[in-house]
Amino acid sequence: MITLETMPPLMFGGLVLAMLIGFPVAFTLAAVGLSFGFLAIHLGFFDLNFLQAIPGRVFGSVLSNELLLAIPFFTFMGAILERCGLAEDMLDSMGQLFGPIRGGLGYSVIIVGFILGAITGTVAAQVIAMALISMPVMIRYGYNMRYITGVLAASGTITQLVPPSLVLIVLADQLGKSVGDMYLGAWGPSVFQILLFAGYTFLLSIFKPSHVPPVPKDARTLTGWALWKKCLLGIIPSAVLIFVVLGTMMMGLATPTEAGAMGAVGAIVLAAIHSKDFSTTGRKVLIIGAITGGIGTIIGMFVTDGLIFKLAFAVTYLAVLWICLEAVRIPELRNLIKQGYETTMRITTMVVFILIGSTCFSVVFLGVSGGVWLEHLLTSLPGGVWGFLIFINLFIFFLAFFLDFFEIAFIILPMIAPIAQKILAPVVGPDAALIWFGVMLCVNMQTSFMHPPFGFALFYLRGVAPKEVKSSDIYWGALPWVGLQAIMVALVIAFPVTVTGLLDKPLNVDLNQIKIDIPQMDLPPLDFGPPTK
């Protein structure tokens, strides 16, 4: 006889078993949830009316969730930027800038991966683009094959952690926290991770210099101002787009959806600028728009209602519109925008269907007291807070062998988030607890793209690598970088300030002690005159 106490572990086991079959995750979630829901009705654990919560949550929390509108915008932005030639220009210029030093090409891949991660947010295209561009060059100049494959895969996966990562948007939605706070919390670990990658390259240059040789002098075609100019032409437009997307959001000037929309338009502008068919008139319009935008920004710091402020940004908007029309005029960019629409539609549809399936599963799971079972299981772990964190991170690490981050975020996170809030609040405070937990899991889930044999980044590398690159080199090359990502997880656990340092400190005010003193005003006596007869 199936009891209420055995239903939650049976549901969890049934979900794992159904996923191993290989059926699409969204439909597997819905099927398992509804099957156990009808079983629970048959056994009398709840009645049919309880399942009315499923369409209520689908229409109320999924399809009408304004935060999720940011996903198609950021997806479109990444789809445009990954194919517009920005990565090629930046890798070429950075490679020549750092080429004279040992490990210079490795440093350039790490830095460009960080910058591209801050403007694209997609792992697959970033790994493929950087591998196609950098791998032949690194092989030609004698870099160690395992270092090449490892640094390319790791630098591509950093995009999961660097804002405006789609992972962070999904985590913020599932944890019920602000996207801006999640982005602020992720900056510390993302910068530290880049420093870890660069530090590993530096140590290799000292102890195994033959693995990361410098680029020969005769191979460096640009020097002096010409080299710096090419670097700046790649970095400055990217920095402007990062500010437009992230800066406006973190300053409270735009919601995540509005920032994503500006990023999508900015991606089209950036793609047009990098096109060889961009007209001379378009470049003049770009310069005028940039100047008026700068003037408007300076004026806006002091006066936001002035006529000059409005005129300056009106000219900037017209310049952006002109450049977008230029992008549509160029056949190559028009085809690129079409591909971006298709990619955006595919990914957004996948996310929505997984959300609907996970809603079916989670409603039934909570209905059979799954939350109570899971809380008892996790709070009874030895080691208290640290035991909980170690267990959860190991659990997510091994789960990532089989599931991608969307599935982990939509299936596992809603179950453990309330428990994490309760356990971690005494350590960092109730406001920062879930931010710390979410960023920690984001760092952890990077490894899902890296660890052999199922890491998707390794599959992408295998697909574009030359024939002389062995699969064993790709797998063995990934291991040190997975170790560096694991070290980063340990640092985030041990030092929560890496996440909470940039967050707004909560005001420690006891509301019961607040007193509002209203001064008494001495009013003259009212004289209504003698009473009427």
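Structure: above.
In this text, all values refer to a predicted model and were calculated from it rather than measured experimentally. (Residues numbered from 1 in each chain as written. Predicted model: local features only at pLDDT ≥ 70, side-chain atom pairs only at ≥ 80, totals over all residues. Heavy atoms only, no water.)

> So what's going on with the packing of aromatic side chains? Which residues, and what values?
Scanning the entire structure with this criterion turns up ten aromatic pairs. Note on F76 and Y341: the rings are 5.1 Å apart at their centroids and 20° apart in plane angle, and the pair reads as stacked. One end of the pair, F76, is in helix α4 (residues 70-81); the other, Y341, is in helix α15 (residues 331-367), with 265 residues separating them in the sequence. Taken together, a centroid distance of 6.1 Å and an interplanar angle of 25° make the contact between F388 and F437 stacked. Separated by 49 residues along the polypeptide, F388 in helix α17 (residues 384-399) and F437 in helix α19 (residues 433-445) bring together distant segments of the chain. One aromatic cluster is present, formed by Y143, Y147, F197, Y200 and W481 through successive ring pairs. (Phe/Tyr/Trp six-rings, centres within 6.5 Å; stacked < 30°, edge-to-face > 60°. Helix = DSSP H or I, 4+ residues; strand = E, 2+ residues; numbered from the N terminus.)

> How would you explain the packing of helix α1 (residues 7-21) against α15 if you had to name every residue and give the values?
It is the contact of α1 with α15, at a shortest axis distance of 9 Å, that shows an interaxial angle of 155°. As judged from the angle between their axes, α1 and α15 are roughly antiparallel. For α1 against α15, the interelement crossing comes out left-handed. Contacts from P8, M11 and L15 of α1 reach α15 at F361, V364 and F365. Grouping the amino acids of the contact of α1 with α15 by side-chain chemistry returns six nonpolar, no polar and no charged. (Axes fitted to C-alpha atoms, helices over the stretch in contact; angles between N-to-C directions. Parallel < 35°, antiparallel > 145°, perpendicular 65-115°, else oblique. Left-handed = near helix turned anticlockwise from the far one by under 90°. Contact = heavy atoms within 4.5 Å. Nonpolar A, V, L, I, M, F, W, Y, C, P; charged D, E, K, R; others polar.)

> Describe a nonpolar patch on the surface, with residues and values.
Taken together, W225, W228, L232, I236 and V240 make up a surface patch of nonpolar side chains, about 550 Å² in accessible area. Considering the arrangement of structural elements, one finds I236 in helix α11 (residues 224-250). Overall, the relative accessible area of 48% leaves I236 in the partly exposed class. (Patch = residues over 30% accessible without salt bridge, like charges linked within 9 Å, V, L, I, M, F, W, Y side chains within 5 Å. Areas by Shrake-Rupley, 256 points an atom, 1.4 Å probe, with all protein chains shown as cover. Salt bridge = Lys/Arg side-chain N within 4 Å of Asp/Glu carboxyl O. Buried < 20%, exposed > 50% of the residue type's maximum accessible area, 1.4 Å probe, protein only.)

> How would you sum up the packing of helix α18 (residues 405-428) against α19? Please name residues and give values.
Interaxial distance between α18 and α19 falls to 8 Å at its minimum, and their mutual angle equals 135°. The pairing of α18 with α19 is recorded here as oblique in orientation. Crossing geometry of α18 relative to α19 is assigned as right-handed. Together, F405, I408, L413, I416, A417, A420, Q421, L424, A425, V427 and V428 of α18 and A433, L434, W436, F437, L441 and M445 of α19 make up the contact between the two elements. By residue class, the composition of the contact of α18 with α19 is 16 nonpolar, one polar and no charged.

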